Amino acid sequence: MQRFLNTLYVTTQKTYLHKKGEAVEVIVDDEVKASIPMINLDSIVCFGNIYVSPFLLGSAPENNITISFLDEQGKFLARVQGPVAGNVLLRKAQYRFSDDESKSAFVARFFITGKISNQCTVLKRAVRDHRDKIDLERVQNAIDVLSGNIRKVENETDLERIRGIEGDSAETYFSVFDELITAQKDGFKFEGRNRRPPLDNVNAMLSYVYTLLYHDMVSACEVVGLDPAVGFLHRDRPGRLSLALDLMEEFRASFADRLVLSLINRGEISANQFEKTASGAVLMDDSARKTLIGAYQEKKKTVLTHPYVDKKMYLAILFQTQARLLARFLRGDIDGYPVFIWK
């Protein structure tokens, strides 16, 4: 039995979380809104001004529950977690791979091949489903560039050149991303990827979904026993969980980006749910954040068949499956990392 959707996201400001018996009780304005058995939780993510009782802070790690604190827009602040899990031999193998640049390049090539392939899939679906609403020539030209970059990265052994191909692909993909927005064009103009802070509504949504995905990838690494801080494509940096960022790459376009596009194109989020601050940063309001989180959780219920393990699974389980496959590769059980390519 595998559990999924076992993350509690708390976005309502001044919510109070405390331990009552063997459950986490959620209180808003002195009213109990929910009581969740601790056995059903792997993690709690608190956005903004959320209060957590000392007893819950102490008992959560004992129950293998990680508590993460982020600001309202998703910037990471701190984590409370228990002892590090995992086989020491697996982590030592991970560290040896990461310290060897040629081995790191070999692993990074899998991540980037998956990322670019999935970017191609997103664009090809737009051509298939919305050919009457998009500039076909622009999008097809981007697909051709990305297809060429897949062939380049498959034969590349230098880590910096792999990063260069990834950067060129991202620029190409996002140069036509505005074509994929087929509704609410005036309220959701996109002229390129920007972050820290996001400067438009689309980038605000993308950054927020990437934050949720990042949290899930950190959890997937920890469950499997990998060190989320030691990556291959993303190098070591204090405060950055590089392996989680590596594992995110194959899910950015087909999972996160498509989710954002669906919410915009279906009118489930509107432009009046955003505000621009004096610094130019664009922020979502509380209702938009709740809609986005709800859609994110619902998307994780999608059932798919994994082509490598040949099993049906929820998309939420796919994150852990990919982390387990990476662990098998690092241990030498399989010859390569079978990146997940969306069809």
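Structure: above.
Small disclaimer: the values here were computed from a predicted structure and weren't measured. (Residues numbered from 1 in each chain as written. Predicted model: local features only at pLDDT ≥ 70, side-chain atom pairs only at ≥ 80, totals over all residues. Heavy atoms only, no water.)

Q: Help me understand the pairing of strand β2 (residues 16-20), please; the structure alone is not making it clear to me.
A: Across a regular strand the side chains alternate sides, sitting on one face of the sheet and then on the other. As paired elements, β2 and strand β3 (residues 23-28) share five bridges and run antiparallel to each other. Note on β3: the bridge partner recorded for Tyr-16 is Ile-27. Linking two consecutive strands that pair antiparallel, namely β2 and β3, is a turn of two residues; a positive phi of about 65° is found at Gly-21 within it. Inspection of the sheet shows β2 paired to strand β6 (residues 51-52) by two bridges, in the parallel sense. From the neighbouring strand, Tyr-16 faces β6, where its bridge partner is Tyr-51. (Pairing = 2+ DSSP bridges. Helix = DSSP H or I, 4+ residues; strand = E, 2+ residues; numbered from the N terminus.)

Q: What is the right way to look at the sheet that holds strand β5 (residues 43-47) in this model?
A: Judged by pairing direction, the sheet is mixed, and its four strands sit side by side in the order β1-β5-β7-β8 without closing on themselves. The open sheet has two edge strands with one neighbour each: β1 (7-10) and β8 (76-80). Each strand axis lies, on average, 15° off the axis of its neighbour in the sheet, ignoring direction. Pairing between β5 and strand β7 (residues 66-70): five bridges, direction parallel. The partner of Ser-43 across the bridge, within β7, is Thr-66. The sheet contacts of helix α1 (residues 54-62) involve β7 and β8, and relative to β7 the element is tilted by about 130°. (Axes fitted to C-alpha atoms, helices over the stretch in contact; angles between N-to-C directions. Contact = heavy atoms within 4.5 Å.)

Q: Would you take a moment to explain the sheet that holds β6 for this structure?
A: Pairing between sheet strands relies on hydrogen bonds along the backbone, with the strands arranged either parallel or antiparallel. Across the sheet, four strands lie side by side as β4-β3-β2-β6; this open sheet has mixed pairing. Strands with a single pairing partner mark the edges of an open sheet, and in this sheet they are β4 (31-37) and β6. Of the strands in this sheet, β2, β3 and β6 are in contact with α1, which crosses β2 at around 65°.

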